[in-house]
Amino acid sequence: MKASRTKTPRKPVLKKSSNTSLKDPVGVYCRVRPLSVQDQECCIEVISETTIQIHPPDGYRIFRNGEYRETQYTFKEVFGTLVTQKALFDVVARPLVEDLIRGKNGLLFTYGVTGSGKTHTMTGSPGDGGLLPRCLDMIFNSIGPFQAKRFVFKLDDKNGVDVQCEVDALLERQKRDAMPIPKTPSGKRQIDPEFADMISVRDHCKVEEVEEDNVYSVFVSYIEIYNNYIYDLLEEIPFDPIKPKWNSCNTPVQNGDFIPPQSKVLREDQNHNMYVIGCTEVEVKSTEEAFEVFWRGQKKRRIANTQLNRESSRSHSVFMIKLAQAPLDADGDNVLQEREQITLSQMSLVDLAGSERTNRTKAEGNRLREAGNINQSLMTLRTCIEVLRENQMYGTNKMVPYRDSKLTHLFKNYFDGEGKVRMIVCVNPKAEDYEESLQVMRFAEMTQEVEVARPVDKPLFGLTPGRRFRNQAFKDELSRKLEIRGGPISGETEEQSVTEMLLQNFPPLPSCELLDVNDDQTLPRLIEVLEKRHRMRQMLSEEFTKNVLAFKTMLQEFDSSIVSKENYAQGKLTEKEKMIAGQKMEIERLEKKTKTLEYKIEILEKTTTIYEEDKRNLQQELESKSQKLQRQASDKRRLEARLQGMVTETTMKWEKECERRVAAKQLEMQNKLWVKDEKLKQLKAIVTEPKNEKPERPSREKDREKAFQRSASPPPAPTAPPVRLRHRRSRSAGERWVDHKPPSNVPTETVMQPHVPHAITVAAANEKALAKCDKYMLTHQELASDGEIETKLIKGDVYRTRGGGQAVQFTDIETLKQESPTGRKRRSSPSSPTPPEDAAESEWTDVETRCSVAVEMRAGSNLGPGYQHHAQPKRRKP
């Protein structure tokens, strides 16, 4: 199956606001332990010096796409299975030791699953010491000749340190020597062969630049965090040699003389650093003594046998190294008695217990509870790292839950304050640890994005450097000159040499025994010898006086030379002080300038941030506008295409409709023309007939026949009086009218004829006639559907236009039409047959309806064509 190689995505680190304190990311390193079995399946592969690749083992559950996923993780440096402890120490721990001697704090901890080699990395094995013994060896190699005497530095109960005078320190040392031989390790005792191979480091590494005018003292302490409780591993408790301290369940045995260890409490000092109250802190003077203290506490650490590790750590262990240093006084003899000048730095070496899954370790009882507390503390550490990373990357101010676990609460100041933090991720490449190793890698990758404030360098002390060596050189020179002038300087040796010289130079005394009264030789010889001794004594006195005078002269010369040198040194010191004062002024000026530039830089950065934000917003707005315009353009194109299609479709539709209507209209007009031609022929025949013969119109006769056949009403009486002809007068007879009667009009025989008085009758409308009148009437004739002639009087108002002409606006239409009263169907005749379809439009049901319509003639009535008075609403003048 082909594997897809992907790399874990990294979130882009956001740009944070400028801060006066510089920060460095947490240094995360990875160490891969060798496989315990040669042919064991491996799931981790080292790709480069900074990258490893982890892939699922064979038979592992595949992903959704059916392919295995290989993930790569990047570290500051990756150490393979063949790396030595020295190479690991030089890269990871050596810079922390150098910072410790320079007065800076450091934290180094190992992290990984159980059985991944964390304890081996920290402690080492026989013949190959780990990081801890190498750190101790480098510290004492660097400060060995500059260590203070024991008890010169004394730690207090508030995580501070004091300096004692020589008298108090001497009393403390005498008190310690007077005590019985303690169980605490001593530098004069032989090294325990159990760990002798671990500290026999052949690499004599040391810090190159050590402050030689300071004195140093090293204090160590060792604690463990077990089930979220802190215990002191160096605490001396009563020991029962018969019964063990702990039984197989790691619980204290019921013994009256045995007191179980009490858990310790965390406190915060005045510098906001966390420390353990009442923790045993031992002053050590050598690597052997320090490691013996560690080994004594290591034996008390809780370990147990599990399915995954024969010696599995059941607690988090913390070995703390404190280095106190203070400068010498101006003479270079004693420690300066000023607490403000003491520097206390600390380095913590943490061996975390491994995370584990209970279904793999088969843990039960206390082992299960221990595993739960270990996983809970590691989960709290991961949560704190996540919150720190979120606060630093996104500018949030979430509370970091340090207090949820003793482990995170103890190292709170390392992440919040100043110090260098480094982590070694130990992994086991075997396939069974794939899921646990994957979680460890994700946590390590996230930890690399957390930044810790860079330690600040300590200010320089004001005394002249090189005081220690000048004082030592002065003592050596004084001893040499005293030896040249008067022999050795020790009092005992000097007394012996003077006595020997006197005994050798003085003549021996003769025998003073008088055996005979007449002996006259013994006394003269005695007198002679005494005289010689007296003369020699006088010579010695004179020589001694000369030597005293010479020594006084030498002392005076030495005093004068010292005074001259002091004057010269005072002059030089004055010049240096002036130079230092000038340099201080220059430094202050540069600091002010630096602050001003930093302020300007901060303002420029804020302005740049604002501009970048505005630019980003404008770019987003421009992109949104562009997208909107593109969408509108695309919508417009689609709409245009749609409208074009609709226009084309509508055009084709209306073209077809117009063609159809034109064809229908042509057919209708042809029919009308044919009907008109027929009517004209009939009219022509009627007109051309003789006047004495007036036969009835065939249409009327036909109508009367139809009416006689259909209607049940009686015919009109023949004796009715004749109707008198009279003219119908127009409604607007009192106004000036233009009566337009085309020459093609046919005169009708209706009783009511249009008659307009004071009207100008014209055959064609002209401007002259329209200028004299304010009303206009057009007489129009057309053939109705029943074959009768219908006369329409179209009326309008005459208006003057702006150009000086005349315009007519039509306002009303009057219709005059003839109908036969006998040719209608009455509504009351039940026995009338059904009329044909062609006569339905011209027939009416009763006389009452016809009379009401003929009488009213209302404008705008909708009673139908042929019988109503049409009128259009009058338009307003534009």
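Small disclaimer: the values here were computed from a predicted structure and weren't measured. All residue numbers here refer to positions counted from 1 along the written sequence of the relevant chain. Local features in a predicted model are, by the rule used here, given only for residues with pLDDT of at least 70; side-chain atom pairs are given and counted only at 80 or more, and totals for whole chains, interfaces and linings are based on all residues. Side-chain numbers come from the whole structure's heavy atoms, not from hydrogens or water.

## Observations concerning the overall build of the protein
Defined as follows: Secondary structure elements are defined from DSSP: runs of H or I of at least 4 residues count as helices, runs of E of at least 2 residues count as strands, and each element is numbered from the N terminus. Only protein chains enter the accessibility calculation, which uses a 1.4 Å probe. A residue is then buried if its area is under 20% of the maximum for its type, exposed if over 50%, and partly exposed in between. Whether two residues are in contact is decided by their heavy atoms, any of which lying within 4.5 Å being enough. Surface accessibility follows the Shrake-Rupley procedure with a 1.4 Å probe radius. Residue values consider only the protein chains on display as shielding.
When you go through the protein residue by residue, the secondary structure sums to 17 helices and 30 strands. Burial statistics for the protein: of 878 residues in total, 35% are counted as buried. A separation of at least 24 residues holds for 70% of the contacts in the protein among residues at least 6 apart in sequence. Of the roughly 56,400 Å² of accessible surface on the protein, 53% is carried by carbon and sulfur atoms.

## Side note on the packing of aromatic side chains
The geometry of an aromatic ring pair is captured by the separation of the ring centres together with the interplanar angle, meaning the angle of the planes. Selection criterion: Ring geometry is summarised as follows: Phe, Tyr and Trp rings, the Trp one being its six-membered ring, pair when their centres sit within 6.5 Å, and such pairs are stacked at plane angles under 30 degrees, edge-to-face over 60 and tilted between the two.
A full pass over the atoms with the stated rule returns 9 aromatic pairs. Measuring from ring centre to ring centre gives 5.1 Å for Y222 and F294, while their planes differ by 40 degrees; the resulting arrangement is tilted. Of this pair, Y222 sits in strand β13 (residues 214-226) while F294 is found in helix α6 (residues 287-300), placing the two residues 72 residues apart along the sequence. For the pair Y222 and F294, a shared accessibility class is recorded, and that class is buried. Centroid distance F291 to W295: 6.1 Å. Interplanar angle 20 degrees. Geometry classified as stacked. You can see F291 and its partner W295 sitting in helix α6, 4 residues apart, about one turn around the helix.

## Here we look at the pattern of salt bridges
Applied cut-off: Counted as salt bridges are all cases of a side-chain nitrogen of Lys or Arg within 4 Å of a carboxyl oxygen of Asp or Glu.
Under the definition given, this model contains 33 salt bridges. Between K285 and E283 there is a salt bridge, with its nearest N and O atoms 3.1 Å apart. Here E283 falls in the buried class, since its relative accessible area comes to 8%. K532 is paired through a salt bridge with E528; the nearest N and O atoms lie 3.9 Å apart. Residue K532 and its partner E528 are located together in helix α14 (residues 522-688), separated by 4 residues, close to a single helical turn. The structure contains a network of salt bridges with shared partners spanning K86, D90, R94 and E98.

## A look at the state of the cysteines
Worth spelling out the cut-off: Disulfides are defined as pairs of cysteine sulfur atoms found within 2.5 Å of each other.
Counted by the stated rule, this structure contains 0 disulfides. C426 takes part in no disulfide bond, and the closest cysteine sulfur, belonging to C30, lies 8.0 Å away.

## Observations concerning unusual backbone geometry
In the Ramachandran plot, N159 falls in the positive-phi region, its phi being about 65 degrees despite a non-glycine side chain. Of note, N159 is situated in the loop between β11 (153-155) and β12 (161-163). Even without a glycine there, the phi angle at H272 is positive, about 65 degrees. Here H272 shows up in the loop between β15 (266-268) and β16 (274-276). For H272, a relative accessible area of 54% gives the class exposed.

## Points about the pairing of strand β25 (residues 737-740)
Remark: a regular strand shows side chains that alternate across the two faces of the sheet. Stated formally: Two strands qualify as a pair provided DSSP detects at least 2 bridges between them.
Of the two faces of β25, the one lined by W737 and D739 and the one lined by V738 and H740 are each fully buried. Inspection of the sheet shows β25 paired to strand β27 (residues 759-762) by 4 bridges, in the parallel sense. Bridged to W737 within β27 is A759. Taken together, the 4 bridges between β25 and strand β28 (residues 775-783) define a ladder with parallel strand orientation. Bridge pairing links H740 to L778 in β28.

## Here's the deal with the environment of E451
When you line up the elements, E451 lands in strand β23 (residues 451-453). The spatial distance from the C-alpha of E451 to the C-alpha of L388 is 8.5 Å, given a sequence separation of 63 residues.

## Some words on a nonpolar patch on the surface
Heads up, the condition is: Only residues whose relative accessible area exceeds 30% and that form no salt bridge enter a patch; like-charged residues are grouped when within 9 Å of one another, and nonpolar side chains (Val, Leu, Ile, Met, Phe, Trp, Tyr) when within 5 Å.
A surface patch of nonpolar side chains, amounting to about 480 Å² of accessible area, comprises F474, L478, L482, F551, L555 and F558. Broken down by secondary-structure element, the contributors of at least two residues to the nonpolar patch are α12 (467-486) and α14. Mapped onto the elements of the fold, F474 is located in helix α12.

## Looking at helix α11 (residues 434-447)
Applied cut-off: In this analysis, the expected span of each helix is defined as 1.5 Å times one less than the number of residues it contains.
End to end, α11 covers 20 Å across 14 residues, agreeing with the expected 20 Å (1.5 Å per residue, within 8%). Counting buried positions along α11 yields 11 of 14 residues, so the element is predominantly enclosed. Those residues of α11 that fall on the buried side of the exposure criterion are Y434, E436, S437, L438, V440, M441, F443, A444, E445, M446 and T447.

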